[in-house]
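One-letter residues, chain by chain:
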Amino acid sequence: GYLAKQHPQAVAVVMTKLSPDKASNILALFEDAFAQDLLLRLSQPMNVSASALRVLSDTIEREFFAASKKGKNKRNPGQMIGGMLNNLPTEKRESLLEFMTENAPDIADEMKRAMLTFQDFAERVPAKGVAAVIREVDVAVFLKAVKFGRQNAPASVEFIFANISKRMAQQYEEQLEKLNKVTVKEAEAAQGQIMLAVRRLEAAGEIELNEIKTEGGEEEEEEDYL
């Protein structure tokens, strides 16, 4: 989970330092697009200086282990459950969220703050970061996500197309017209890959997500949990 939010090149370096068995187990957990990107990077010669390795090691120790320690000392059930719901199919996620809102309203807001789905794209991703997110995913993945997004997240799709060039938007529209039917499972997986790209860019410091507004209209910072 931690590595999936990091830049692929940094993850590739980490993977070279693991035993084949450990690396294999981790690779199996990544989304296909991310795993493919990793394999391409690993297939190229990789000369990493000792100083760069020290920086990477220090970063991992600071971010990963500090977050782990923090998580043990302060376990927030709302954040934990919200993270679990993140990648569920839309219908199941909404059903469980509704159930928890009715039966555990005291943590429902924390759950919502921890969730980052394609439906949240327009609210959470800054306009200037849209192009960077799109570049992180394959065109085929983007098209599948958008095709279904016009049904389950129209505001997100509208926001994306409003923040790319007219020429690019027209090209995507033409490709969407030619796109074969996409199953809901494929489309939701594609939307999940886009949101993983958002998290990776956020972790790399390339974009900064908008803060979440509470029901009272106040903004609240999102805490990091491992």
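Before reading on, note that the structure itself is shown above.
An account of the accompanying structure is given in this report. (Residues numbered from 1 in each chain as written. Predicted model: local features only at pLDDT ≥ 70, side-chain atom pairs only at ≥ 80, totals over all residues. Heavy atoms only, no water.)

### What to know about the overall build of the chain
Moving on, step 1. Check the secondary structure of the chain and you find 13 helices and two strands.
Moving on, step 2. Within the chain, contacts between residues separated by at least 24 positions form 75% of all contacts whose residues are at least 6 apart in sequence.
Moving on, step 3. In the structure as shown, the chain presents an accessible area of about 13,900 Å², 51% of it carried by carbon and sulfur atoms. (Helix = DSSP H or I, 4+ residues; strand = E, 2+ residues; numbered from the N terminus. Contact = heavy atoms within 4.5 Å. Areas by Shrake-Rupley, 256 points an atom, 1.4 Å probe, with all protein chains shown as cover.)

### Quick word on the pattern of salt bridges
Moving on, step 1. One pass over the structure, following the stated rule, counts four salt bridges.
Moving on, step 2. The shortest N-O distance in the salt bridge between Glu173 and Arg150 comes to 2.6 Å. With Glu173 in helix H12 (residues 166–178) and Arg150 in helix H10 (residues 139–152), the pair connects residues that are 23 residues apart, well separated along the chain.
Moving on, step 3. When its relative accessible area of 40% is taken as the criterion, Arg150 is described as partly exposed. (Salt bridge = Lys/Arg side-chain N within 4 Å of Asp/Glu carboxyl O. Buried < 20%, exposed > 50% of the residue type's maximum accessible area, 1.4 Å probe, protein only.)

### Observations regarding the packing of helix H6 (residues 90–103) against helix H7 (residues 105–114)
Moving on, step 1. Interhelical geometry of H6 versus H7 gives an angle of 140 degrees and a closest axis separation of 6 Å. Of the possible angle classes, the one that applies to H6 and H7 is oblique. Of the residues in H7, those touching H6 at Leu97, Met100, Thr101, Glu102 and Asn103 are Pro105, Ile107, Ala108, Met111 and Lys112. (Axes fitted to C-alpha atoms, helices over the stretch in contact; angles between N-to-C directions. Parallel < 35°, antiparallel > 145°, perpendicular 65-115°, else oblique.)

### Section: the packing of aromatic side chains
Moving on, step 1. Per the stated rule, a full pass over the model turns up six aromatic pairs.
Moving on, step 2. Through a chain of ring-to-ring contacts, three or more aromatic side chains come together here, namely Phe118, Phe121 and Phe159.
Moving on, step 3. Its guanidinium or amino end placed over the ring of Phe161, Arg150 lies 5.2 Å from that ring's centre, counting from NZ or CZ. (Phe/Tyr/Trp six-rings, centres within 6.5 Å; stacked < 30°, edge-to-face > 60°. Lys NZ or Arg CZ within 6 Å of the ring centre and 35° of its normal.)

### Remarks on the environment of Glu202
Moving on, step 1. As for its placement among the helices and strands, Glu202 is situated in helix H13 (residues 184–203).
Moving on, step 2. Since its relative accessible area comes to 25%, Glu202 is described here as partly exposed.
Moving on, step 3. Sequence separation between Glu202 and His7 is 195 residues, and the spatial gap between their C-alpha atoms is 9.6 Å.
Moving on, step 4. Setting aside its immediate chain neighbours within four residues, Glu202 contacts Ile207 and Leu209.

### Topic: the packing of H10 against H13
Moving on, step 1. Contact geometry of H10 with H13 gives a least axis separation of 8 Å together with a crossing angle of 110 degrees. The angle between H10 and H13 places the two elements in the roughly perpendicular class. Here H10 contributes Val141, Phe142, Lys144, Ala145, Phe148, Gly149 and Asn152 to the contact with H13, which in turn contributes Val184, Glu186, Ala187, Glu188, Ala190, Gln191, Gln193 and Ile194.
Moving on, step 2. Its residues placed into classes, the contact of H10 with H13 shows eight nonpolar, four polar and three charged. (Nonpolar A, V, L, I, M, F, W, Y, C, P; charged D, E, K, R; others polar.)

### Regarding helix H5 (residues 77–85)
Moving on, step 1. Those residues of H5 not exposed but buried are Gly78, Gln79, Gly82 and Leu85. Relative to the axis of H5, the buried residues are bounded by an arc of 125 degrees and lie together on one face.
Moving on, step 2. Each element contacted by the buried residues of H5 is listed here: H6 and H7. (Arc of directions from axis to C-beta.)

### Notes on H6
Moving on, step 1. Taking 1.5 Å as the rise per residue, H6 with 14 residues should run 20 Å; its terminal C-alpha atoms sit 20 Å apart, in good agreement.
Moving on, step 2. Burial in H6 covers these residues: Thr90, Arg93, Leu97 and Met100. All buried residues of H6 fall inside an arc of 100 degrees around its axis, so they share one side. Facing away from the buried surface of H6 by more than 90 degrees, the exposed residues are Glu91, Lys92, Glu102 and Asn103.
Moving on, step 3. Buried-residue contacts for H6 involve H5, H7, H10 and H13. (Expected span 1.5 Å × (residues − 1).)

### Observations concerning a negative patch on the surface
Moving on, step 1. Judged by side-chain charge, Glu91, Glu94, Glu98 and Glu102 come together as a negatively charged surface patch.
Moving on, step 2. Along the chain, the position of Glu102 falls in helix H6. (Patch = residues over 30% accessible without salt bridge, like charges linked within 9 Å, V, L, I, M, F, W, Y side chains within 5 Å. Lys, Arg positive; Asp, Glu negative; His and termini not counted. Charge placed at Lys NZ, Arg CZ, Asp CG, Glu CD.)

### Focus: the nonpolar core
Moving on, step 1. Core analysis: the largest hydrophobic core is formed by 31 residues, its most contacted members being Phe121, Val133, Phe142, Ile160, Phe161, Ile194 and Val198.
Moving on, step 2. Those elements that place two or more of their residues in this core are helix H9 (130–135), H10, helix H11 (154–162), H12 and H13.
Moving on, step 3. Broken down by element, the residue count for this core peaks at six residues, all from H13.
Moving on, step 4. With sequence-adjacent residues up to four places away left out, Phe142 is seen in contact with Ile134, Val137, Ile160, Phe161, Tyr172 and Ile194.
Moving on, step 5. Membership of the second largest hydrophobic core comes to 12 residues, among which are Tyr2, Val11, Ala23 and Phe30. (Core = buried A, V, L, I, M, F, W, Y, C linked by side-chain atoms within 4.5 Å.)

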